[in-house]
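The residues making up each chain are set out below.
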Amino acid sequence: MRGRGFLLLSSWLMFCAALSHAAEFPPVEQLPVRAELPDPLVMLDGTKVTTAEQWKTQRRPELLALVTHYMYGQAPAAPKLSFTVTRTAENVVNGLATLKEIEIRFVDLPDDAPRLHLALFVPKAAEGKVPVFLGINSSGNAEVVADEAVTIQPHVINTDKVPENIRGSRVDFWCVDTILSRGYAFATFHQSELDPDKHDFTDGIHPYYPMPDVPETSRWGTIAAWAWGFQRCVDYLVTDDQIDPQRICVIGHSRRGKTALWAAAQDERIALAVPHQSGTGGMALSRDSDQETVERINRVFPHWFNDEFVKFGDNEARLPFDQHCVAALVAPRLILDTEGSQDPWANFPRSLDTLKGADPVYKLLGAQGLQGTGLVQDDEPIVGPNFGSILQYRLNEKHTLNRKFWVKILDFADAALPQ
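No experiment lies behind these values; they were computed from the predicted model shown. Sequence order sets the numbering: in each chain, residues are counted from 1 along the sequence as written. Owing to the predicted nature of the model, reporting of local features is limited to residues with pLDDT of at least 70; listing and counting of side-chain atom pairs is limited to 80 or more, with chain, interface and lining totals taken over all residues. Only hydrogens and water are set aside when side-chain values are computed; all heavy atoms of the structure are taken into account.

**Side note on helix 10 (residues 348-364)**
Numbering goes from the N terminus for both helices and strands, where a helix is a DSSP run of H or I of at least four residues and a strand is a run of E of at least two. Expected span of a helix: the number of residues minus one, times 1.5 Å. Taking 1.5 Å of rise per residue, 17 residues should cover 24 Å, and helix 10 covers 25 Å from first to last C-alpha, within 8% of that figure. When the local axis directions of helix 10 are compared, the greatest deviation, roughly 35 degrees, occurs at A358, which is followed within four positions by the proline P360. Burial in helix 10 covers these residues: F348, R350, S351, L352, T354, L355, G357, A358, D359, V361 and Y362. Considering only its buried residues, helix 10 is in contact with helix 2 (52-72), helix 9 (323-328), strand 8 (334-340), strand 9 (375-377) and strand 10 (390-395). We define the bend at any residue as the angle between the axes fitted to the seven residues before and including it, ending there, and the seven starting there. For the exposure calls, accessible area comes from a 1.4 Å probe over protein chains only, and a residue counts as buried if that area is under 20% of its type's maximum, exposed if over 50%, partly exposed in between. Any two residues whose heavy atoms approach within 4.5 Å at even a single point are treated as in contact.

In structure tokens, the structure reads:
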């Protein structure tokens, strides 16, 4: 099927060391069958993890390597980048923000290689460095606001259902005005600039990184490519003197929610992940799913994951991890799992089970982790007996993102991010 990030240095080196052993991981058919969830604090060889140091130097790198090898696929190391501010505009979003557009170029790739175009909206009322939400969009940066100042990139291949008039088409989805009015910056990039959402690896970024030393079945899929894009945008954001590098938050919806989770699992610079209605391959456990199964997601979307993951279709009990282990890779950083109670396909009960399964790692690392039931619903305040560093918020809503969700997301960020 395949023809072909950047962590803090110490974590990246540990990750690479673990990946050097990826070829030693057993074939899927030789993995043990276990109906129960694998313990995130038990190494593959059975060694129990009892200290934060063990987690940091042994189990976390091992889990990253396992999840990469058997599910999302190996992405390239962080490349050399150049950043060019291509446009600035004052008084956008009804005067609430300044706009900065940044072209992110991969220096060692040829001129015809993909480039990322990041749109960054910074609240005009801001004093000092501000937190930022970074989101991946499906139609182009111009979908998020109606302002003419936002550039449309017509050369990008789109495979999603894109409206004829992209500009401002998802204003009520992203609610940038609400984000800005709460003192947060908002940044976004377009998924198709890296990899169009279709089963074809001859376009996008993949041909430029053939990775002959990586087994073909373990090479990166589309979600890994998009997550790599999140990390490249973070590479820029940590250099921007208006952005607080300690308060970078990532968000995505549905397939892009899976992407936000995987980006945060790899990149320790991300303070908060909001994998919104991310379902199977995101926050929902693969085992015992009465909604979308591993077999179904790989059959319908064969490009999202690597070819190793296909082998777990109707065979989930052989997974040497489950999504609670992916969530645990974010620890001790923040996760807000946002769900719609009218959206059963996203499997919000099994997403809450993911948080419960990740909780022991959070506790080992000294974080709050899950508190109480770990669930806040509808009009209940975010801060209360169930508020912790990982939390599920559930709204009586369908498969969408809207202002009601954003208010609660921002309430969580206000309360949980470092000040």
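**Regarding the sheet that holds strand 4 (residues 130-137)**
The pairing criterion is simple: DSSP has to find at least two bridges between the two strands. The ten strands lie next to each other as 1-2-3-5-4-6-7-8-10-9, forming an open sheet whose pairing is mixed. Strands at the two margins of the open sheet, each flanked by one partner only, are strand 1 (81-92) and strand 9. Strand after strand, the sheet turns through a mean of 20 degrees between neighbouring axes, direction not considered. Where strand 6 (residues 243-253) meets strand 7 (residues 272-276), five bridges bridge the pair, whose relative direction is parallel. Across the sheet, the residue bridging to G252 is P275, located in strand 7. Each of strand 4, strand 6, strand 7, strand 8 and strand 10 touches helix 11 (residues 403-416); the most contacted strand, strand 8, lies at about 160 degrees to it. Angular values range over 0 to 180 degrees, each being the angle between N-to-C directions of two axes fitted as lines to C-alpha atoms, with helices fitted over their stretch in contact.

**Things to note about unusual backbone geometry**
Between A331 and the following residue, P332, the backbone shows a cis peptide bond with an omega angle of 5 degrees. Residue placement: P332 occurs in the loop between helix 9 and strand 8. One non-glycine residue, N94, lies in positive phi territory at about 55 degrees. With respect to the helices and strands, N94 occurs in the loop between strand 1 and strand 2 (97-106).

**Some words on the pairing of strand 5 (residues 185-190)**
For strand 5, a buried count of six out of six residues is recorded, marking the element as mostly surrounded by other parts of the structure. What you see with strand 5 is no split at all: A185, A187 and F189 on one side and F186, T188 and H190 on the other are buried throughout. Two elements, strand 3 (residues 116-123) and strand 5, share three bridges in a ladder whose sense is antiparallel. When the bridges of strand 5 are listed, L120 appears paired with A187. Of the pairings in the sheet, the one linking strand 4 to strand 5 comprises six bridges and is parallel in character. Each bridged residue has a counterpart across the sheet, and for N137 the counterpart in strand 5 is H190.

**Some words on the nonpolar core**
Formed by 88 residues in total, the largest nonpolar core has its most connected members in L118, L120, L134, L237 and W262. Counting residues per element, this core draws most heavily on helix 5 (residues 222-237), which supplies eleven residues. Residues enter a nonpolar core if they are buried and are Ala, Val, Leu, Ile, Met, Phe, Trp, Tyr or Cys, with the set joined through side-chain atoms within 4.5 Å.

**A look at the side chain of H303**
Relative to the helices and strands, H303 is located in the loop between helix 7 (294-300) and helix 8 (307-310). In this structure H303 comes out as buried when scored by relative accessible area, which is 4%. Two N or O atoms count as a polar contact when they lie within 3.5 Å, although within protein this holds only if one can serve as hydrogen donor and the other as acceptor, and sequence-adjacent residues are included solely when both atoms are side-chain atoms. At a separation of 3.3 Å, a polar atom in the side chain of H303 contacts the side chain of W304.

**With respect to the side chain of N402**
Assignment of secondary structure puts N402 in the loop between strand 10 and helix 11. A distance of 3.0 Å separates polar atoms of two side chains, one belonging to N402 and the other to E397. If sequence neighbours within four positions are ignored, N402 has contacts with D172, F173, C175, L395 and E397.

**A word on the packing of aromatic side chains**
Two rings from Phe, Tyr or Trp (for Trp, the six-membered ring) form a pair when their centres sit within 6.5 Å of each other. Planes less than 30 degrees apart are called stacked, planes more than 60 degrees apart edge-to-face, and all others tilted. Scanning the model with the defined rule gives 20 aromatic pairs in all. On the basis of an interplanar angle of 55 degrees and a centroid distance of 5.6 Å, the ring pair of F133 and Y184 is categorised as tilted. With F133 in strand 4 and Y184 in the loop between helix 4 (176-181) and strand 5, the pair connects residues that are 51 residues apart, well separated along the chain. Each member of the pair, F133 as well as Y184, is classed as buried. Measuring from ring centre to ring centre gives 5.5 Å for F133 and W406, while their planes differ by 85 degrees; the resulting arrangement is edge-to-face. With a gap of 273 residues between them, F133 in strand 4 and W406 in helix 11 connect regions that are remote in the sequence. For the pair shown, F133 and W406 are each scored as buried. Through a chain of ring-to-ring contacts, three or more aromatic side chains come together here, namely F25, Y70, Y72, W262, F305, F309 and F312. Just above the ring of F173 sits the side chain of R170; from NZ or CZ to the centre is 3.9 Å. Should the NZ of a Lys or the CZ of an Arg lie within 6 Å of a ring centre and within 35 degrees of the ring normal, that charge is described as sitting over the ring. The lysine or arginine in question, R232, covers the ring of W228, its NZ or CZ lying 5.2 Å from the ring centre.

**Some details on helix 6 (residues 255-266)**
The end-to-end C-alpha distance of helix 6 is 17 Å, a good match for the 16 Å that twelve residues give at a rise of 1.5 Å each. All of the buried residues along helix 6 are R255, R256, G257, K258, T259, A260, L261, W262, A263, A264, A265 and Q266.

**With respect to the packing of helix 2 against helix 6**
Close contact between helix 2 and helix 6 brings their axes to 11 Å; oriented N to C, the two are set at 145 degrees. Considering the relative orientation of helix 2 and helix 6, their crossing is left-handed. Residues R60, L64, V67, T68 and Y72 of helix 2 pack against W262, A265 and Q266 of helix 6. Of the residues assigned to the contact of helix 2 with helix 6, the class counts are five nonpolar, two polar and one charged. Handedness of a crossing follows from how the near helix is turned relative to the far one, being left-handed for an anticlockwise turn of less than a right angle and right-handed for a clockwise one. Ten residue types, Ala, Val, Leu, Ile, Met, Phe, Trp, Tyr, Cys and Pro, are classed as nonpolar, four, Asp, Glu, Lys and Arg, as charged, and the remainder, Gly among them, as polar.

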